Amino acid sequence: MTPIQLDYTAKVLADMLTFKQPADAVLSAYFREHKKLGRQDRHEIAETAFAALRHYQKISTVLLRPHAQPRKAALAALVLGRSTNISQIKDLLDEEETEFLSSLKARKTEFSDDLHTAAELPQWLVEQLQKHFSDGEILAFGRSINQAAPLDIRVNTLKGRRDKVLPLLQTESPDAEATPYSPWGIRLKNKIALNKHELFLDGTLEVQDEGSQLLALLVGAKRGEIIVDFCAGAGGKTLAVGAQMANKGRIYAFDIAEKRLANLKPRMTRAGLTNIHPERISSEHDSRIARLTGKADRVLVDAPCSGLGTLRRNPDLKYRQSSETVAKLLEQQHSILDAAAKLVKPQGRLVYATCSVLPEENEMQVKRFLEEHPEYELLDCAELLAALKIDLNTGKYLRLDSAKHQTDGFFAAVLQRKE
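Per an unreviewed UniProt entry, the protein is named RsmB/NOP family class I SAM-dependent RNA methyltransferase, and its organism is Neisseria macacae ATCC 33926. Annotation of the protein in UniProt includes, under Sequence similarities (unreviewed entry), the sentence "Belongs to the class I-like SAM-binding methyltransferase superfamily. RsmB/NOP family."

(A) Expanded view of the sheet that holds strand β3 (residues 185–188). Strand order in the open sheet made by the four strands is β2-β3-β1-β4, with antiparallel pairing throughout. Edge strands, defined here as strands with exactly one partner in the open sheet, are β2 (177–178) and β4 (205–207). Strand direction decides the pairing type here: strand β1 (residues 151–155) and β4, joined by three bridges, are antiparallel. Considered in β4, the bridge of Val155 is made with Leu205.

(B) Fine view of empty space enclosed by the protein. Under the criterion given, the structure shown has one cavity of 30 Å³ or more. As a volume, the largest cavity reaches approximately 40 Å³. Contributing to the lining of the largest cavity are His334, Leu337, Asp338, Gln365, Phe369, Glu372 and His373. Of all the secondary-structure elements, those providing two or more residues to the lining of the largest cavity are α17 (323–341) and α18 (363–372). Looking at the lining of the largest cavity, its residues break down into two nonpolar, three polar and two charged.

(C) Region of interest: the UniProt feature "active site" (unreviewed entry) in the protein. Sequence positions flagged by UniProt for "active site" (unreviewed entry) are, in local numbering, Cys355. Residue placement: Cys355 occurs in the loop between β9 (344–354) and α18. Among the residues examined, Cys355 registers a relative accessible area of 17% and is labelled buried.

(D) Molecular detail of the UniProt feature "domain: SAM-dependent MTase RsmB/NOP-type" (unreviewed entry) in the protein. UniProt's entry tags residues 141–418 with the feature "domain: SAM-dependent MTase RsmB/NOP-type" (unreviewed entry), counted in the numbering of this structure. Here residues 141–418 is 35% helix and 22% strand, with 37 Å between the C-alpha atoms at its ends.

(E) View of the packing of α17 against α18. At a minimum axis distance of 11 Å, the contact between α17 and α18 shows a crossing angle of 45°. Judged on the interaxial angle alone, α18 and α17 are oblique. The interaxial crossing formed by α17 with α18 has right-handed handedness. Two secondary-structure elements touch here, α17 through Leu330, Glu331, Gln333, His334, Leu337 and Ala341 and α18 through Gln365, Arg368, Phe369 and Glu372. For the contact of α17 with α18, the residue count by class is four nonpolar, three polar and three charged.

(F) Expanded view of the pattern of salt bridges. For the coordinates displayed, the defined rule picks out 27 salt bridges. Between Arg107 and Glu110 there is a salt bridge, and its shortest N-O distance comes to 2.8 Å. Arg107 sits in the partly exposed class, given a relative accessible area of 23%. Taken together, the shared-partner salt bridges connect Asp209, Arg312, Arg313 and Asp408 into one network.

(G) Seen up close, the packing of helix α5 (residues 70–81) against helix α6 (residues 95–106). Here α5 crosses α6 at 45°, and the two axes come no closer than 10 Å. By the criterion of interaxial angle, the relationship of α5 to α6 is oblique. Like other packed secondary-structure pairs, α5 and α6 cross with a definite hand, here right-handed. When α5 is examined against α6, the residues Arg71, Lys72, Leu75, Ala76, Val79 and Leu80 are found in contact with a partner set consisting of Glu96, Glu97, Phe100, Leu101, Leu104 and Lys105. Within the contact of α5 with α6, the residues separate by chemical class into seven nonpolar, no polar and five charged.

(H) Examining the pairing of strand β6 (residues 250–255) more closely. Counting buried positions over the six residues of β6 gives five, a clear majority of the element. Sheet topology note: the strand β5 (residues 226–229)/β6 ladder contains four bridges and is parallel. Note on β6: the bridge partner recorded for Ile226 is Arg250. Crossover connection from β5 via helix α14 (residues 236–244) to parallel β6: handedness right-handed. As paired elements, β6 and strand β7 (residues 276–280) share five bridges and run parallel to each other.

(I) Representation of the state of the cysteines in the model. Summed over all chains, the structure comprises zero disulfides. In this model Cys305 remains outside any disulfide bridge; the closest cysteine sulfur is found in Cys355, 3.5 Å from its own. The exposure class of Cys305 is buried, given its relative accessible area of 15%. No disulfide involves Cys381; its sulfur sits 16 Å from the nearest other cysteine sulfur, which is in Cys355.

(J) Expanded view of unusual backbone geometry. Look at Lys389: it is not a glycine, yet its phi comes out positive at around 65°. With phi around 60°, Gln406 is a residue other than glycine that occupies positive phi space. Following the sequence through the fold, Gln406 ends up in the loop between α20 (402–405) and β12 (410–417).

(K) Local environment of the environment of Gln5. By the secondary structure assignment, Gln5 is in helix α1 (residues 3–16). Counting along the chain gives 39 residues from Gln5 to Glu44, while the straight-line C-alpha distance between them is 7.0 Å. Gln5 has contacts with Gln40, Asp41, Glu44 and Ile45, leaving out every residue within four places of it along the chain. A polar contact of 2.7 Å, which involves the side chain of Gln5, links it to the side chain of Asp41.

(L) Highlighting α18. For α18, every residue scored as buried is listed here: Gln365, Val366 and Phe369. Across the axial projection of α18, the buried residues extend over an arc of 95°, all falling on one side. In α18, the exposed residues that point more than 90 degrees away from the buried face are Lys367 and Glu371.

What counts, and at which threshold
- Residues numbered from 1 in each chain as written.
- Predicted model: local features only at pLDDT ≥ 70, side-chain atom pairs only at ≥ 80, totals over all residues.
- Heavy atoms only, no water.
- UniProt positions renumbered as here; feature names shortened; annotations may be inferred.
- Pairing = 2+ DSSP bridges.
- Helix = DSSP H or I, 4+ residues; strand = E, 2+ residues; numbered from the N terminus.
- 1 Å grid on protein atoms, 1.4 Å probe; cavity = no way out; pocket = protein on both sides within 12 Å on 5 of 7 lines; lining within 4 Å.
- Points joined across faces, edges and corners; volume = space filled by probe spheres on them.
- Nonpolar A, V, L, I, M, F, W, Y, C, P; charged D, E, K, R; others polar.
- Buried < 20%, exposed > 50% of the residue type's maximum accessible area, 1.4 Å probe, protein only.
- Axes fitted to C-alpha atoms, helices over the stretch in contact; angles between N-to-C directions.
- Parallel < 35°, antiparallel > 145°, perpendicular 65-115°, else oblique.
- Left-handed = near helix turned anticlockwise from the far one by under 90°.
- Contact = heavy atoms within 4.5 Å.
- Salt bridge = Lys/Arg side-chain N within 4 Å of Asp/Glu carboxyl O.
- Right-handed = clockwise from strand over helix to strand, strands pointing away.
- Disulfide = S-S within 2.5 Å.
- Polar contact = N/O pair within 3.5 Å; in protein donor to acceptor, adjacent residues only side chain to side chain.
- Arc of directions from axis to C-beta.

This is the structure:
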């Protein structure tokens, strides 16, 4: 790292470590303001800033207010998160900084003695997880989400086939490989500038985690059906479901955020999909939803959640959530699921999903729903995936784990309305 790169990183961290905004938004805004930064500069700044987030528990133990000492936080991130030896950056350091980093390295044993620093999880989250998991399981989880995520992409079956696309990508990225579970997925360990790639620009490829692809497969949409994506967001799963339907039928993509739906529209065009109908709603109780009561063949509820399954990509989330925000999300999820259930026709399918690892948001939420809705029954996700020739058995629920499956942490339950 050069002195200038270190200065820029410190400026980014001064803002990022307040946790007032998402880390990727802070970084994007900074790069927009500094358009002259080269690719290597951006890489060094981003990698070091995210290393500071991934090792924030240790850094905040030695720096009581890391955002107020961002240069030291950046140096600590280099040593703790980027395997940099002090001797490699000695030209960047003054005497006090050299002493600080030496002291930091000397405390490594101390860090491993406390679960929250060893697992790099804040105290509130450790306490939440301890209600359901052993300390060993929590440590394994913390370590698994403290690694950078690979880049997963989905081949749009309207425009290409994985067995044809994969060899083309491997000529540019030899590490490209088929995802082990999704028949549509390709995984790249080393990220590329996909948004400039011709296969992305022509709609053949979309960025989508393999776990998210599996959720779309569990929807099981067929040509000519009426599908509702109740919390569509920017539409990653909506696009996958649309391709699954071969552009036949109708998908209602609902969301409360106009901006997210606006992002979906150019993606639809690029993917060649004309069967998706984005519509902004004010809430899950919007009167415009009522016209679909009892008419939908399949409804997907990718519910607003804590996002704690995506910490490989969003390490700052664990500092922007709390037990209080999770409690509010639980009531919102319950309300959305209750409203979405009304749209499903007899023998129709309701898929409830989160990118959380908390049982309160997942299994416990489904148990509550089934107790209140005896007209629904739980289908076995393992059986549904086996019918699609996908060899993945996590039980009746889909539970994806970053360590075991190399995906984000996903949960899904498939519910069917009885006759």
